[in-house]
Amino acid sequence: MKLKIAVLPGDGIGPEIMEQGVAVMNAVASKFGHEVEYKQALCGAHAIDEVGDPFPEETFQICKEADAVLFASVGDPKFDNDPTAKVRPEQGLLAMRKKLGLFANIRPVQTFKCLIHKSPLRAELVENADFICIRELTGGMYFGEKYQDNDKAYDTNYYTRPEIERILKVGFEYAMKRNKHLTVVDKANVLASSRLWRQIAQEMAPNYPEVNTDYMYVDNAAMRMIQEPTFFDVMVTENTFGDILTDEGSVISGSMGLLPSASTGESTPVFEPIHGSWPQAKGLNIANPLAQILSVAMLFEYFDLKAEGALIREAVDASLDANVRTPEIQVEGAGKFGTKEVGAWIVDYISKK
């Protein structure tokens, strides 16, 4: 297969982890006889510094013409600490999602047996936790009408029926592929937008009779994820709730550096780690590249290249079992490995299989 990949390293640790992700992709492509063409593009704070736009038109065109986008991270403290900044790196991420029509964010939450001790939750709670959070990505308060002055401000949580139907369809279809359990998360006891979500979900549920569909208020879902994460199989929710819940879910595994994600919709899909740019670690060779590498696995699987994705996952598991780990998940007394060393070990493992 020939694949055209847009590569957006972004800010902070992004270029370092992206280097390892691309190396793994090349190793897999070589082993399975695929041809991959890369085009690198600017985004985030780096793009603002270069051209004044966090998602330039040239980057958009490169993404639009690609088969998939491999993305790392955006963000820089100089913008975080300036509340008056009119242009911010994160606006580039929102623009990418909106322009590419990426309405569905898919975030797997899983635990690794050898890392359960790293989870902030007790082992008996998180063992075998394995679920998917599906977040609506282009509607709600993030994109609704906004206003702010010195005395008042508002954000409009605006949704339409087609927006809700298409993301719920994604949720039901993922549930059918897994354990046939879908949890629709809303705040229907308070918010009109949530009541529409629940109404439409109840209308659609009979079309998927094999799926056990339940409904949960977002505050209850947040508690249940901590008390009983194994309850969930597929969770679907709106943009703001999804942003919060997916970050909560990400720490269950013990490190944000372990989990990938995909954003799909009307145009080119985007694959990325769930963590941020961690600018404090830039250039120190300590960032965990596994989430970026697992994003490559999700990319291959998106194109139904299941053996390729499975080999990457096998290599990642093998690296963890061999204690080839970056500092935040390394066990006491084991060897010291950085971003580059972990990536090189995984590439070597793939090459020798």
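For the structure, see preceding data.
Within each chain, residue numbers correspond to sequence positions counted from 1 in written order. The predicted nature of this model means local features are confined to residues of pLDDT at least 70 and side-chain atom pairs, given and counted, to a pLDDT of 80 or more, with totals for whole chains, interfaces and linings taken over all residues. The basis for the side-chain values is all heavy atoms of the structure; hydrogens and waters are excluded.

Further remarks concern the sheet that holds strand β2 (residues 35-40). Here, a strand pair is defined by DSSP locating no fewer than two bridges between the strands. To qualify as a helix, a DSSP run of H or I must reach at least 4 residues; to qualify as a strand, a run of E must reach at least 2; elements of each kind are numbered from the N terminus. Across the sheet, which stays open at both edges, the ten strands sit in the order β2-β1-β3-β12-β11-β4-β5-β10-β8-β9 with mixed pairing between neighbours. A strand with exactly one partner marks an edge of an open sheet, and here the two such strands are β2 and β9 (212-217). With strand direction ignored, the average angle separating the axes of adjacent strands in the sheet is 25°. Where strand β8 (residues 181-186) lies against strand β10 (residues 234-237), four bridges are found, and the strand directions are parallel. Its bridge partner being in β10, V185 is matched across the sheet by T237. Of the strands in this sheet, β5 (130-136), β8, β9 and β10 touch helix α8 (residues 192-204), which is tilted by about 170° from β9. Under this scheme, a helix contributes an axis fitted over its contacting stretch, all axes are lines through C-alpha atoms, and angles between N-to-C directions fall in the 0 to 180 degree range. Should any heavy atoms of two residues lie within 4.5 Å, those residues are considered in contact.

What follows is about helix α11 (residues 290-302). Since there are 3.6 residues in each turn of an α-helix, residues three or four apart along the chain are aligned in direction. Its 13 residues give α11 an end-to-end C-alpha distance of 18 Å, which sits within 8% of 18 Å, the value for a rise of 1.5 Å per residue. Relative accessibility thresholds used throughout: buried, under 20% of the residue-type maximum; exposed, over 50%; partly exposed, between the two (1.4 Å probe, protein chains only). Of all the 13 residues making up α11, eleven are buried; the element is thus mostly covered by neighbouring parts of the structure. When α11 is considered as a whole, its buried residues turn out to be L290, A291, Q292, I293, L294, S295, V296, A297, M298, L299 and F300. A positive backbone phi angle near 65° is found at D304, which sits one or two residues after α11. Every helix has an expected span of 1.5 Å times one less than the residues it contains.

Here R178 is to be found in the loop between α7 (161-177) and β8. On the accessibility criterion, R178 (24% relative accessible area) is partly exposed. Sequence separation between R178 and F131 is 47 residues, and the spatial gap between their C-alpha atoms is 9.2 Å. Residue contacts for R178: discarding those within four places in its chain leaves D130, F131, I132, D233 and V234. Of note is the side chain of R178, whose polar atom sits 2.8 Å from the backbone oxygen of D130. Polar contacts, as counted here, are pairs of nitrogen or oxygen atoms within 3.5 Å of one another; within protein the pair requires one atom able to donate a hydrogen and one able to accept it, and residues that are adjacent in sequence qualify only if both atoms are side-chain atoms.

As a further point, take the packing of helix α1 (residues 14-32) against helix α13 (residues 339-352). Between α1 and α13, the shortest axis-to-axis distance is 9 Å and the interhelical angle comes to 5°. On the basis of their axis angle, the class for α1 and α13 is roughly parallel. Residues E16, I17, Q20, A23, V24, A27, V28 and K31 of α1 touch α13, and the partners they reach there are T339, K340, G343, A344, I346, V347, I350 and S351. Across the contact of α1 with α13, the residue classes tally to nine nonpolar, four polar and three charged. Note on angle classes: values under 35 degrees are labelled roughly parallel, values over 145 roughly antiparallel, values of 65 to 115 roughly perpendicular, and the remainder oblique. Side-chain classes are defined by residue name, with Ala, Val, Leu, Ile, Met, Phe, Trp, Tyr, Cys and Pro counting as nonpolar, Asp, Glu, Lys and Arg as charged, and the others, Gly among them, as polar.

Bringing the layout of surface pockets into the picture now. A cavity here means a set of points on a 1 Å grid, drawn over the protein atoms and nothing else, where a 1.4 Å probe fits but cannot get out; a pocket is an open set with protein on both sides within 12 Å along at least five of seven lines, and a residue lines either one if it has an atom within 4 Å of a point. Grid points are joined across faces, edges and corners, and a volume is the space filled by probe spheres set on the points. Here the largest pocket is characterised by a volume of approximately 660 Å³. Along its surface, the largest pocket is lined by 23 residues, and I106, Y174, M298, E301 and Y302 are the ones closest to its centre. Only β4 (104-110), β5, α7, β11 (260-264), α11 and α12 (306-321) provide two or more residues apiece to the lining of the largest pocket. For the lining of the largest pocket, the per-class residue count stands at twelve nonpolar, three polar and eight charged. Approximately 460 Å³ is the volume attributed to the second largest pocket.

Now for the side chain of T268. Mapping T268 onto the fold places it in the loop between β11 and β12 (270-273). The exposure class assigned to T268 is buried, which follows from its relative accessible area of 4%. Among the polar contacts listed, one links the side chain of T268 to the backbone oxygen of C63, at a separation of 2.8 Å.

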